[in-house]
Amino acid sequence: MKKKKVTIEMIAKEAGVSKMTVSRAINNPEKLKKSTLIKILNSMKKYEYKPRFVARILAGSRSNTFGFIVKSNEDFIIPPFYGECVRGASNWFKKQNYRSMIFNMSDEQSSSLFLDYINSGLIDGLILFEGTHEQSLLEALKSNNIPVVLVGEDPGEMYDFYSVSSDNYNGARTAVEYLISKGSREICYITGTGTKPSVADRLKGYTDVMRENNLNPVYVSTENTLRGGMKAVDQLIEKHPAFDALFCFSDLIAIGALRGLRKRGFDIPRDVRVVGFDNIHISEYVFPSLTTVSQDMSLMGEIAAKTLLQVMNEINPNPSEKHIKLPTRLIVRESA
């Protein structure tokens, strides 16, 4: 007969306490009465609830485990931007003899599993990617004093997190200036959705360059997916059919746009030049290969990992380095 899986609920019921009290026994045993703590420890012992690991936690040791929080979309379980950053960070953690885990916050069940890990003291720190901010998550991180580094966005004053991001504004400027230098004048922008700083910064970079060159900015918003890029092309053909170049918020959108343009009979780059943003691995292998603004995603992940360890060890980076912003560079390929 299969042995029943032990849960925090079972420990709490056996000890006659709440789940929160069990979590407190794991994370902050000094805050409990000795009699209550003994009840919980006896319950854990009875059910063989990870006794060795819990003993280390109660003794004040770390789990030496770090988490990555991502959110899947319709194209990928782990979007390419996240994947490159995770690889850079996890490789660095491995060299320092730390473990890492990936939590995909795509549904309620996944979020619940992650919160169980947090409340059980099984994660020492987190690298949090843009697009994963939920109220319950933020409250759990705050109440458990979990160190966090945000990757991909500069949160400014929104959250008291350290962050690593790219210079989105100047990256967008570089892309549009390049298209103008190649002779494009009807340059449309396919932007992302939402209120993320990167969405606002890249849109501003685009519009500033267009206006500085006495050109009319035209943009449409779409979801950050391959299908989103295809849909945006259809919208632009209806609203602004004279476009001769597309700058896209991401490589995923740009690759979708390439597909949409080719289905409509456009020759790229003869009829329309296309530039993306990110330089994900597959951008070099689509046809035509994608010109794009490159973010050093692996380096972003490595810096995030190092920053997280600094914060945990209370070796706080210089205040001016709380929000690290890396430069971008244009990679010219066949699409432009």
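Structure: above.
This text gives an overview of the structure that appears in the document. (Residues numbered from 1 in each chain as written. Predicted model: local features only at pLDDT ≥ 70, side-chain atom pairs only at ≥ 80, totals over all residues. Heavy atoms only, no water.)

Considering the sheet that holds strand E11 (residues 323–326)
With parallel pairing, 6 strands are arranged side by side in an open sheet as E2-E1-E3-E4-E5-E11. Two strands close off the open sheet at either side, each with one partner strand: strand E2 (99–104) and E11. Neighbour-to-neighbour, the strand axes of the sheet open up by a mean angle of 20°, direction not taken into account. By the bridge criterion, 4 bridges tie strand E3 (residues 125–129) to strand E4 (residues 148–151) in an arrangement that is parallel. What sits directly across from Ile 127, in E4, is Val 149. (Pairing = 2+ DSSP bridges. Helix = DSSP H or I, 4+ residues; strand = E, 2+ residues; numbered from the N terminus. Axes fitted to C-alpha atoms, helices over the stretch in contact; angles between N-to-C directions.)

A look at the packing of aromatic side chains
Here the structure, examined in full by the defined rule, presents 10 aromatic pairs. Pairing Phe 66 with Tyr 98 gives two aromatic rings, centres 5.2 Å apart and planes at 75°, and the pair type is edge-to-face. With a gap of 32 residues between them, Phe 66 in strand E1 (residues 65–70) and Tyr 98 in the loop between helix H5 (80–95) and E2 connect regions that are remote in the sequence. You can call Tyr 98 partly exposed: its relative accessible area is 21%. Looking at Arg 202, its charged tip hangs above the ring of Phe 249, at a distance of 4.4 Å from the centre. When the ring centre of Phe 277 is taken as reference, the NZ or CZ atom of Arg 202 above it lies at 3.7 Å. (Phe/Tyr/Trp six-rings, centres within 6.5 Å; stacked < 30°, edge-to-face > 60°. Buried < 20%, exposed > 50% of the residue type's maximum accessible area, 1.4 Å probe, protein only. Lys NZ or Arg CZ within 6 Å of the ring centre and 35° of its normal.)

A word on the side chain of Ser 184
Locating Ser 184 in the fold gives a position in the loop between helix H8 (168–181) and strand E6 (187–191). Side chain to side chain, Ser 184 and Arg 273 meet in a polar contact 2.8 Å long. Filtering out sequence-adjacent residues up to four positions away, Ser 184 remains in contact with Leu 179, Asp 244, Ala 245 and Arg 273. (Polar contact = N/O pair within 3.5 Å; in protein donor to acceptor, adjacent residues only side chain to side chain. Contact = heavy atoms within 4.5 Å.)

Some remarks on empty space enclosed by the protein
The gaps left among the atoms become clear once a water-sized probe is rolled over them. Scanning the entire structure with this criterion turns up 1 cavity of 30 Å³ or more. Of the voids in this model, the largest cavity is the one considered here, and its volume is about 40 Å³. As for the largest cavity, its lining consists of Gly 152, Glu 153, Asp 154, Ser 165, Ser 166, Asn 168, Pro 197, Ser 198, Asp 201 and Lys 325. For the lining of the largest cavity, the secondary structure elements donating two or more residues are strand E5 (162–166) and helix H9 (197–212). The greatest single-element share of the lining of the largest cavity, amounting to 3 residues, is contributed by H9. Partitioned by chemical class, the residues of the lining of the largest cavity number 1 nonpolar, 5 polar and 4 charged. (1 Å grid on protein atoms, 1.4 Å probe; cavity = no way out; pocket = protein on both sides within 12 Å on 5 of 7 lines; lining within 4 Å. Points joined across faces, edges and corners; volume = space filled by probe spheres on them. Nonpolar A, V, L, I, M, F, W, Y, C, P; charged D, E, K, R; others polar.)

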